[in-house]
Amino acid sequence: MTAVDTQIDRRWEQMRALGPYGLLAVGAVLSAGAADLMDGPADWYGAGALVVAAIALQLWWNAVRRRRPDRGRTPSPAGTAYYVVRWVIAFALTWINPLFGFYAATGLMDADELLPGRWRRIGVFAAAVTLAGSQSGGLPPKSTGQWALFAGLIVANAALQLVIAHMVEQEEHRSRERVETITALQQALDENAALHAQLLVQAREAGVADERRRLAAEIHDTIAQGLTGIIAQLQVVANTPDENQARQHVGRAMDLARHSLGEARRSVHNLAPVALSDAGLPQALKATVTDWGERTDIRAEFTVTGATEQLHDEVAATLLRIAQEALSNAARHARATRLGVTLTFLGDEVILDIRDDGVGFDPLTLPPRTHAGGFGLDGMRARAERIAGALTVESEPGHGTAVSARVPLVRHDQ
């Protein structure tokens, strides 16, 4: 509830608490000024006693509302009793002097809060009867014309107040529906936030699992194979009496050891995209491609097209990992002489293309991936799909390979 709503509610509370006093005072002052409408001392004494009773009733009800504020806002037995007694007093005062009809108007102020269900309309009708008596010249009517006027005023007052009451009920109903809708939307937002947090956790766990599988496959394909080769060379050295041959195999073992050490360092370096911590994705990709070309002696080029933007960390890391894996696959299998990497910023998408002029392959005849196999195309495709992207591969024997990853452009500040 806003501060304005709170202020309006406070003013309504003040009017319900003080309004009856004010209307009673207006009726009493006007009645005193129109003494000719009252028949002798009996009416004066009766009116005085009823005014005192009305004040006492209002004092009691205000005390009840202070102790139990809910009784002033929702129907209750005490509220119904208050309304009925107040109407009786107002009717009697109006019978004595029609100018007390001002006090009778209190019955139209709070019937919706004091009376339950269909009794509200009965209460409004009763208040309309008292007001019609006041407006037609006093109770009881003394002529046929006055009776007709009295009946017409009852209908007019009751109809007007019932229409207003109906509109108020409709507005209350709409207000409750709005509150329920807002509550449901808030619950949905809370549930979506919880689901989003859960999906983030699952995505991180999936990323960790992917990294473990990638590292396990990479260790098998590089370091483990290198160590196997070293063991084989050393076994030859141990079994040959020829020093020249032994020296040759020792040299090969040392070369394999150096290569395996380099692969181990590269794998450790690739545990996290460190290159992204100091530069954006274009700079990191350029450094990666340049380093790969120098290491493999393959001509490698990197190109950026479109308006460069700072990408979300997860998107940048995913594209860098895909590029690293594609380059690793090309180095192991493609036997290429030239390779090109293109990063394209295209509206709401980012496209990463890796093309080589190597031996190529038939994508439909790829052997099923084994637990000992490399990370491969399946892993790159899984990376792209995890951030709502897609990965396509085009290749045929003797005509090179093209790998394209297309992912949503999610900016760094989103």
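1. Considerations on the environment of Ala-317
Relative to the assigned elements, Ala-317 resides in helix H11 (residues 313-334). The exposure class assigned to Ala-317 is buried, which follows from its relative accessible area of 16%. In sequence terms Ala-317 and Gly-280 are 37 residues apart; their C-alpha atoms lie 10.0 Å from each other.

2. What to know about the pattern of salt bridges
Counted by the stated rule, this structure contains eight salt bridges. As a salt-bridge pair, Arg-355 and Asp-353 come within 4.0 Å of each other at their nearest N and O atoms. With relative accessibility at 45%, the residue Arg-355 sits in the partly exposed group. Linked through salt bridges whose partners overlap, the residues forming this network are Arg-299, Glu-301 and Arg-338.

3. So, the packing of aromatic side chains
Counted according to the given criterion, the structure contains five aromatic pairs. Each member of the aromatic cluster is reached from another via a ring pair, and the members are Trp-60, Trp-61 and Tyr-82.

4. Some details on the side chain of Asn-157
Checked against the element boundaries, Asn-157 lands in helix H7 (residues 144-239). Side-chain polar atoms of Asn-157 contact the side chain of Gln-135, separated by 2.9 Å. Among residues more than four places away in sequence, those in contact with Asn-157 are Ala-128, Leu-131, Ala-132 and Gln-135.

5. Considerations on the environment of Gly-19
Within the fold, Gly-19 resides in helix H1 (residues 3-33). Residues Gly-19 and Tyr-103, spaced 84 residues apart in sequence, show a C-alpha to C-alpha distance of 9.2 Å.

6. Section: the pairing of strand S2 (residues 338-346)
Across seven bridges, strand S1 (residues 299-305) lies against S2 in parallel orientation. Of the residues in S2, the one forming a bridge with Phe-302 is Val-341. Since S1 and S2 lie parallel, the crossover through H11 that links them has a hand, and here it is left-handed. Both S2 and strand S3 (residues 349-356) contribute to a ladder of eight bridges, which runs antiparallel. When the sheet's bridge partners are listed, Thr-344 is paired in S3 with Ile-351.

7. What to know about a nonpolar patch on the surface
A cluster of nonpolar residues, Val-26, Leu-30 and Phe-102, forms a patch on the protein surface that exposes about 230 Å² of accessible area. Structurally, Phe-102 is set in helix H4 (residues 101-104).

8. Description of helix H3 (residues 77-96)
The terminal C-alpha atoms of H3, which comprises 20 residues, lie 29 Å apart, in line with the 28 Å expected from a rise of 1.5 Å per residue. Turning to H3, its buried residues number three or more, namely Ala-78, Gly-79, Tyr-82, Tyr-83, Arg-86, Ile-89, Ala-90, Leu-93, Thr-94 and Ile-96. Projected down its long axis, H3 shows its buried positions confined to an angular sector of 150 degrees, all on one face.

9. Some words on the environment of Ser-395
Here Ser-395 lies in strand S4 (residues 390-395). The class of Ser-395 is buried, set by a relative accessible area of 16%. Sequence separation between Ser-395 and Pro-363 is 32 residues; the distance between their C-alpha atoms is 6.7 Å. Contact partners of Ser-395, with chain neighbours within four places excluded, come to Gly-360, Phe-361, Pro-363, Gly-400 and Thr-401.

10. A word on the nonpolar core
Core analysis: the biggest nonpolar cluster contains 36 residues, and Leu-311, Leu-319, Leu-343 and Leu-352 have the highest contact counts within it. When residues in this core are grouped by element, the largest group, 10 residues, is from H11. The contacts of Leu-343, once residues within four sequence positions are left out, are Leu-281, Pro-282, Leu-285, Phe-302, Thr-303, Val-304, Thr-305, Leu-319, Val-350, Ile-351 and Leu-352. Core analysis: the next-biggest nonpolar cluster, separate from the first, contains 24 residues, Val-64, Tyr-82, Tyr-83 and Leu-131 among them.

11. A word on H11
With 22 residues, H11 ought to run about 32 Å at 1.5 Å a step, and its terminal C-alpha atoms sit 30 Å apart, in line with that. Counting buried positions over the 22 residues of H11 gives 17, a clear majority of the element.

12. Here we look at the packing of helix H2 (residues 40-67) against H3
Packing of H2 against H3 brings their axes to within 10 Å, and their N-to-C directions diverge by 160 degrees. One element, H2, and the other, H3, form an angle in the roughly antiparallel class. Between H2 and H3 lies a crossing whose hand is left-handed. Residues Asp-43, Gly-46, Ala-47, Leu-50, Val-51, Ala-53, Ala-54, Leu-57, Gln-58, Trp-60 and Trp-61 of H2 form the contact with H3, whose participating residues are Ala-78, Gly-79, Tyr-82, Val-85, Arg-86, Ile-89, Ala-92, Leu-93 and Ile-96. Classifying every residue of the contact of H2 with H3 gives 15 nonpolar, three polar and two charged.

13. Quick look at the sheet that holds S1
To summarise the sheet geometry, strands pair through backbone hydrogen bonds and adopt either a parallel or an antiparallel arrangement. Read across the open sheet, the five strands follow the order S1-S2-S3-S5-S4; overall the sheet is mixed. Two strands bound the open sheet, and with one partner strand each, they are S1 and S4. Across the sheet, the axes of successive neighbouring strands diverge by a mean angle of 10 degrees, strand direction being ignored. Two elements, S3 and strand S5 (residues 401-408), share eight bridges in a ladder whose sense is antiparallel. When the bridges of S5 are listed, Ile-354 appears paired with Val-403. Helix H10 (residues 281-296) rests against S1, S2 and S3 of the sheet, and its axis sits at about 170 degrees to S1. Packed on one face of the sheet, H11 meets S2, S3, S4 and S5 and runs near 10 degrees to S3.

Cut-offs used in this document
Residues numbered from 1 in each chain as written. Predicted model: local features only at pLDDT ≥ 70, side-chain atom pairs only at ≥ 80, totals over all residues. Heavy atoms only, no water. Helix = DSSP H or I, 4+ residues; strand = E, 2+ residues; numbered from the N terminus. Buried < 20%, exposed > 50% of the residue type's maximum accessible area, 1.4 Å probe, protein only. Salt bridge = Lys/Arg side-chain N within 4 Å of Asp/Glu carboxyl O. Phe/Tyr/Trp six-rings, centres within 6.5 Å; stacked < 30°, edge-to-face > 60°. Polar contact = N/O pair within 3.5 Å; in protein donor to acceptor, adjacent residues only side chain to side chain. Contact = heavy atoms within 4.5 Å. Pairing = 2+ DSSP bridges. Right-handed = clockwise from strand over helix to strand, strands pointing away. Patch = residues over 30% accessible without salt bridge, like charges linked within 9 Å, V, L, I, M, F, W, Y side chains within 5 Å. Areas by Shrake-Rupley, 256 points an atom, 1.4 Å probe, with all protein chains shown as cover. Expected span 1.5 Å × (residues − 1). Arc of directions from axis to C-beta. Core = buried A, V, L, I, M, F, W, Y, C linked by side-chain atoms within 4.5 Å. Axes fitted to C-alpha atoms, helices over the stretch in contact; angles between N-to-C directions. Parallel < 35°, antiparallel > 145°, perpendicular 65-115°, else oblique. Left-handed = near helix turned anticlockwise from the far one by under 90°. Nonpolar A, V, L, I, M, F, W, Y, C, P; charged D, E, K, R; others polar.

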